[in-house]
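# A closer look at the structure
The primary structure of each chain is shown beneath.
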Amino acid sequence: MGIAKTTRRKLPPSIVAAVICILIVITLFYTETISFLSSSSIFNFKSCSRKGNTMPKSSKLKPATADEKADEEVVDLEVDDRFEFDPNECTVTHGKWVFNRTSIKPLYSDRTCPYLDPQFSCVKNGRPDSDYRHWEWQPDDCVLPRFNPKVALKKLQGKRLMFVGDSLQRNQWESFVCMVESVVPEKKKSMRSGHSHSVFKVKRPYNTSIEFYWAPFLVESNSDNPIIGDARKRVVKVDSVAKHTKFWQGVDILAFNSYVWWMSGTKIKSLWGSFANGEEGFEELDTPVAYRISLKTWANWVDSNIDPTKTRVFFTTMSPTHSRSEDWNRVNGTRCYNETRPVMRRGHWGTGSDKRMMGVVADVAAKMKVPVTFINITQLSEYRKDGHASVYGELGGKLLSDEQRADPLHYADCIHWCLPGVPDTWNQILLAYL
């Protein structure tokens, strides 16, 4: 019996061509897909905002090594995962100072601003270093907007802004004036300087004034004007602000401050009633006690006279001093003299800031009817031991002599700040709140 042969039928050429085409298309699609998925562009996701970060708090901050601390000093400012500033959510007290000579430049210098007091003109007075002008405060969780002079003037249009307090508040006032004045034509600005009240005015279209009023204790004292240099002879009238408040009436934005003048000793001579009856009836009170009574007097005036729908009230927290180099572990240092870099250790707190006094301010403000917005500059300024006038300022209205500069232990000013400098950041925060 023979075996039947299987008959093979050839596929038509049209079907073969179609199959080949389909295989080619599938191959090309697969190749392109792999190429597309492996492209780096699709994986360049932006980092999630810290606002919504679900990372456990314990893993966010780790002790920085020496190399990591050095790396923190220079950053690419374009790579940033922080959210935009929100006054209700951003905590400006927690952050770090970042150095960048290229991107961080002052809006003025002590040679270009005509309104700057010689007391704060450090470079003009011979300070040889300038790195202190190129540090930027970066809060941990948000981006603090840069100070824009035109935006500031727009927000102040038709309004009066007044800084009230001591020479540190004057420090902040001069910083603010210098940061905005360069964008105002010469014929549209003016300055009137007085012993107690100074006014920088900008004409149309802004029609605004940026003012300073001298009241170092906020309440009245026998050292308001003229100033009594010997702190032991100062007497504070803890129950009255009447002499000062006539200047505060009608102001749209009030920024108060009072701290360093209270820190001249453990006791303050305090008086009730009128100076017309003499100064002999004073009582020596513990400084925090006198401070609390005086702040309550100030708070009562604010609550009784300020309409919060028309006037905003700010309070700049205490500006730290850096008179003890042991605070930042420089045992052989001389106060703030020759300091050229900030303290990089997180949470640094020196002996120049009294938390009891800070607590008094917070306690009094919490009980006020009129809301008070704090410009909380204490912690961020604590790091800036490098920012003070040191031996490049004034004493008694005169620049220090060569002999005095050679004796920083007795003559270095570790209270006031060089301008441009740290107070520019205070005003950066103030503007963000406006």
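Described below are features of the structure shown in this document. Computed from a prediction, not measured in an experiment: that's the story for all the values here. (Residues numbered from 1 in each chain as written. Predicted model: local features only at pLDDT ≥ 70, side-chain atom pairs only at ≥ 80, totals over all residues. Heavy atoms only, no water.)

## Side note on the sheet that holds strand S5 (residues 160-165)
Filter applied, for reference: Pairing between two strands is assigned when DSSP locates at least 2 bridges connecting them. Only DSSP runs of H or I reaching four residues or more are called helices, and only runs of E reaching two or more are called strands; each is numbered from the N terminus. Axes here refer to lines fitted to C-alpha atoms; in helices the fit is confined to the stretch in contact. Angles between the N-to-C directions go from 0 to 180 degrees.
In space, the seven strands of this open sheet follow the order S6-S7-S8-S5-S11-S14-S15, with mixed pairing throughout. Each end of this open sheet is capped by a strand with a single partner; those strands are strand S6 (189-192) and strand S15 (372-375). Pairwise comparison of adjacent strand axes, ignoring direction, gives a mean angle of 15° for this sheet. Two strands pair when backbone bridges link them, and S5 and strand S8 (residues 208-214) are joined in this way by six bridges, in the parallel orientation. Each bridged residue has a counterpart across the sheet, and for Arg160 the counterpart in S8 is Ser209.

## Side note on the packing of aromatic side chains
Cut-off, in case you're wondering: Geometry of aromatic contacts follows a simple scheme: Phe, Tyr and Trp rings, the Trp one being its six-membered ring, pair when their centres are within 6.5 Å, and the pair is stacked under 30 degrees between planes, edge-to-face over 60, tilted otherwise. Here the term buried applies to any residue with accessible area under 20% of the maximum for its type, exposed to any over 50%, and partly exposed to those in between, with areas from a 1.4 Å probe on protein chains only. Working rule: Lys NZ or Arg CZ, within 6 Å of ring centre, within 35 degrees of ring normal, means a charge sits over the ring.
Applying the stated criterion to the full structure yields 20 aromatic pairs. Considering the side-chain rings of Phe256 and Trp298, the 5.3 Å spacing of their centres and the 75° angle between planes classify their relative orientation as edge-to-face. In this pair, Phe256 is assigned in strand S11 (residues 253-256) and Trp298 in helix H6 (residues 287-305), connecting sequence segments 42 residues apart. For the pair Phe256 and Trp298, one class covers both residues: buried. Among the aromatic residues, those joined into a cluster by ring pairs are Tyr213, Phe247, Trp248, Phe256, Trp298, Trp301, Phe315 and Phe374. Across from the ring centre of Trp349, 4.7 Å away, lies the NZ or CZ of Lys355, which sits over that ring.

## Some thoughts on the sheet that holds strand S12 (residues 267-271)
Put simply, the test is: Throughout, a contact is declared for two residues whenever any of their heavy atoms are within 4.5 Å.
Taking strand neighbours across the sheet as the criterion, the four strands line up as S9-S10-S12-S13 in an open arrangement whose pairing is mixed. Only two strands of the sheet have a single neighbouring strand rather than two, namely strand S9 (220-221) and strand S13 (283-286). Where S9 and strand S10 (residues 236-237) come together, two bridges link them in antiparallel fashion. Of the residues in S10, the one forming a bridge with Glu220 is Lys237. In this fold H6 packs onto S10, S12 and S13, with an angle of close to 100° to the strand it touches most, S13.

## With respect to the state of the cysteines
Selection criterion: Note on disulfides: each one is a pair of cysteine sulfur atoms within 2.5 Å.
Following the criterion strictly, the structure yields four disulfides and no others. Shown here is the disulfide that connects Cys90 with Cys142, its sulfur atoms set 1.7 Å apart. You can see Cys90 sitting in the loop between strand S1 (83-84) and strand S2 (95-99) and its partner Cys142 sitting in strand S4 (residues 142-143), a full 52 residues away along the chain. On the basis of relative accessible area, Cys90 is assigned to the buried category, the value being 6%.

## Focus: the pattern of salt bridges
Close approach of charged atoms allows side chains of opposite charge to pair. Quick reminder of the rule: Salt bridges, as used here, are contacts in which a Lys or Arg side-chain nitrogen is within 4 Å of a carboxyl oxygen on Asp or Glu.
Applying the stated rule across the entire model yields 19 salt bridges. Salt-bridge contacts for Asp230 lead to Arg232; the nearest nitrogen and oxygen are separated by 3.0 Å. A salt bridge links Arg330 to Glu339, with the nearest nitrogen and oxygen atoms 2.7 Å apart. Since its relative accessible area comes to 41%, Arg330 is described here as partly exposed. Of the residues examined, Glu339 reaches a relative accessible area of 3% and is grouped as buried. Shared partners join several salt bridges into a network, and the residues in it are Glu181, Glu186 and Lys189.

## Description of the environment of Trp248
Mapping Trp248 onto the fold places it in helix H5 (residues 242-248). Look at Trp248 and you get buried, because its relative accessible area is 0%. A sequence separation of 85 residues divides Trp248 from Phe163, and the C-alpha atoms of the two residues are 9.8 Å apart.

## Structural notes on the layout of surface pockets
Convention followed: For cavity detection a 1 Å grid was placed over the protein atoms alone, and a set of points counts as a cavity when a 1.4 Å probe fits there but cannot get out; an open set counts as a pocket when protein lies on both sides within 12 Å along at least five of seven lines, with lining residues being those that have an atom within 4 Å of a point. Grid points are joined across faces, edges and corners, and a volume is the space filled by probe spheres set on the points. Side-chain classes follow a simple rule in which Ala, Val, Leu, Ile, Met, Phe, Trp, Tyr, Cys and Pro form the nonpolar group, Asp, Glu, Lys and Arg form the charged group, and the remainder, Gly included, forms the polar group.
Taken as a whole, the largest pocket holds about 1,200 Å³ of empty space. Lining the largest pocket are 38 residues; nearest its centre among them are Gln119, Ser167, Trp261, Ile415 and His416. Counting residues per element, the ones that place at least two in the lining of the largest pocket are helix H4 (167-181), S8, strand S17 (394-395), helix H10 (408-411) and strand S19 (413-417). Top element by residues in the lining of the largest pocket is S19. It accounts for four residues. Looking at side-chain class alone, the lining of the largest pocket contains 14 nonpolar, 16 polar and eight charged residues.

## As for the side chain of Thr378
Tracing the sequence through the fold places Thr378 in helix H8 (residues 378-382). In this view, Thr378 contacts Thr317, Met318, Pro320, Trp349, Ser353 and Met358; residues no more than four positions away in its chain are not counted.

## Here's the deal with the side chain of Asp424
By the element assignment, Asp424 lies in helix H11 (residues 422-433). Apart from the residues within four sequence positions on either side, Asp424 is in contact with Tyr108, Ser175, Met179 and Leu419.

## A look at the nonpolar core
This is how it is decided: Residues belong to a common nonpolar core when they are buried Ala, Val, Leu, Ile, Met, Phe, Trp, Tyr or Cys residues joined through side-chain atoms within 4.5 Å.
The biggest cluster of nonpolar side chains holds 91 residues, and the ones touching the most others in it are Phe176, Ile210 and Trp298. Ignoring any residue separated from it by four or fewer positions in sequence, one finds Phe176 in contact with Phe147, Ala152, Leu156, Leu161, Phe163, Ile210, Asn427 and Leu430. Counting residues in each nonpolar core, the second largest holds ten residues, with Tyr132, Val391, Cys414 and Cys418 among its members.

## Side note on the packing of H4 against H11
The axes of two packed helices give the description: the angle between them and the distance between them. The cut-off we apply is this: The labels follow the angle: roughly parallel below 35 degrees, roughly antiparallel above 145, roughly perpendicular from 65 to 115, and oblique for the rest.
Look at H4 against H11: their axes get within 9 Å of each other, and the N-to-C directions meet at 75°. Overall, the two elements H4 and H11 adopt an arrangement that is roughly perpendicular. From H4, Leu168, Asn171, Gln172, Ser175, Phe176 and Met179 reach across to H11, where they touch Pro423, Asp424, Trp426, Asn427 and Leu430. Residue classes in the contact of H4 with H11 are distributed as six nonpolar, four polar and one charged.

## Focus: the environment of His94
In this fold, His94 is placed in the loop between S1 and S2. For the pair His94 and Asp140, spaced 46 residues apart in sequence, the C-alpha to C-alpha distance is 5.9 Å.

## Quick word on the environment of Val235
With respect to the helices and strands, the residue Val235 is situated in the loop between S9 and S10. The exposure class of Val235 is buried, given its relative accessible area of 3%. When the C-alpha atoms of Val235 and Glu284 are compared, they prove to be 9.3 Å apart, with 49 residues separating the residues in sequence.

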